[in-house]
Amino acid sequence: MKVLLIEDEDLAVRKLSKLLTEIDSNIEIVGKAASVQESVDFLKENEAPDLILMDIELADGQSFEIFDQVKVESPVIFTTSYDEYALRAFKVNSIDYLLKPIKRQELEASLAKYNRLTKGAESDVSKNSANVDRDAIDSLVKQLRQQMQPSEYRKRFLVKHLQQWVPVEVSDIAYFYSEEGTSLFKSKNNQKYPVDYTLDELEKMLDPDCFFRANRQFIISVHCVQQINPYFNNKIKLALTPAPESEVIISREKAMDFKKWLGK
């Protein structure tokens, strides 16, 4: 089976690739795309893969935009941290919808569903998936919402420091960030530690009253915001403490939500 991965976080790509090949050694990853444009280019220039695993939130927009720019002939398994897209996902070639972090058992079930739908010459995956009844979709959305409500938020992380493992309280973390495909966090005393989760996964683990997803690269603590500065095109530039190694810019679209969050 030839599979195209559309995902903009390197760690998520590595995890997904590993899971797929562990489940079925015959699976071949024929391409990886991190943006809407890369996905469109791949689908225009290459033979349609047997299956696409597609994250909804990409570096340059939502993956639904891909379907507006190119004819997608392959069935799709959507992956995302947000259940709000479930109804829309089932309208565009979707055979399943997996909520991050993706569990092996759930991915195996999705691949089994793909195999059932594509078995036989007269099978029509797009037709079968498009005709999922409304009750089934509503049931799915309800389940996803329940999964997204953690019984309690993460209180600490066990991280490796030098030659030993140390626990770090979440209350001692200034911000999480992504750097060259790796997720890390900085503590309030300016210590840097790697974590084995994507930012999408971390966002679900953290109390939204205390942490805010500033952009694709940063999740910040309310306690680390030192200054809020106007930036061009109605964006916001943040000064954090300890100081990060790259700029933290909040988009115009997220600026109002950020101000509401910070003013709670």
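Given the structure is predicted, the values throughout are model-derived calculations rather than measurements.

Peer 1: I'd like a description of the sheet that holds strand E10 (residues 173–179), backed by residues and values.
Peer 2: If you trace the five strands from one edge of the open sheet to the other, you get E12-E11-E10-E14-E13, paired in antiparallel fashion. Since the sheet does not close on itself, it has two edges, and those belong to strand E12 (192–195) and strand E13 (211–213), each with one partner. Taking each pair of neighbouring strands and ignoring which way they run, the sheet shows an average axis angle of 20 degrees. Summarising the sheet, strand E11 (residues 182–187) and E12 pair through four bridges and their orientation is antiparallel. Its bridge partner being in E12, Leu184 is matched across the sheet by Pro194. The sheet strands contacting helix H9 (residues 252–262) are E13 and strand E14 (218–221), and the helix crosses E13 at an angle near 180 degrees.

Peer 1: Go over the pattern of salt bridges, please, and point to the residues and values.
Peer 2: The tally for this structure, following the rule as stated, stands at 15 salt bridges. With its nearest N and O atoms 3.8 Å apart, the salt bridge here joins Glu9 to Arg213. Within this pair, whereas Glu9 is found in the loop between strand E1 (2–6) and helix H1 (10–23), its partner Arg213 is found in strand E13, the two being separated by 204 residues in sequence. Note that Glu247 and Lys237 form a salt bridge whose closest N and O atoms lie 2.9 Å from each other. In this pair, Glu247 sits in the loop between strand E16 (235–240) and strand E17 (248–250) while Lys237 sits in strand E16, placing the two residues ten residues apart along the sequence.

Peer 1: Provide a residue-level description of a negative patch on the surface, including the pertinent values.
Peer 2: A cluster of like negative charges, contributed by Glu38, Asp60, Glu65 and Asp68, occupies part of the molecular surface. One can find Glu65 in helix H3 (residues 64–69).

Calculation notes
- Residues numbered from 1 in each chain as written.
- Predicted model: local features only at pLDDT ≥ 70, side-chain atom pairs only at ≥ 80, totals over all residues.
- Heavy atoms only, no water.
- Pairing = 2+ DSSP bridges.
- Helix = DSSP H or I, 4+ residues; strand = E, 2+ residues; numbered from the N terminus.
- Axes fitted to C-alpha atoms, helices over the stretch in contact; angles between N-to-C directions.
- Contact = heavy atoms within 4.5 Å.
- Salt bridge = Lys/Arg side-chain N within 4 Å of Asp/Glu carboxyl O.
- Patch = residues over 30% accessible without salt bridge, like charges linked within 9 Å, V, L, I, M, F, W, Y side chains within 5 Å.
- Areas by Shrake-Rupley, 256 points an atom, 1.4 Å probe, with all protein chains shown as cover.
- Lys, Arg positive; Asp, Glu negative; His and termini not counted.
- Charge placed at Lys NZ, Arg CZ, Asp CG, Glu CD.

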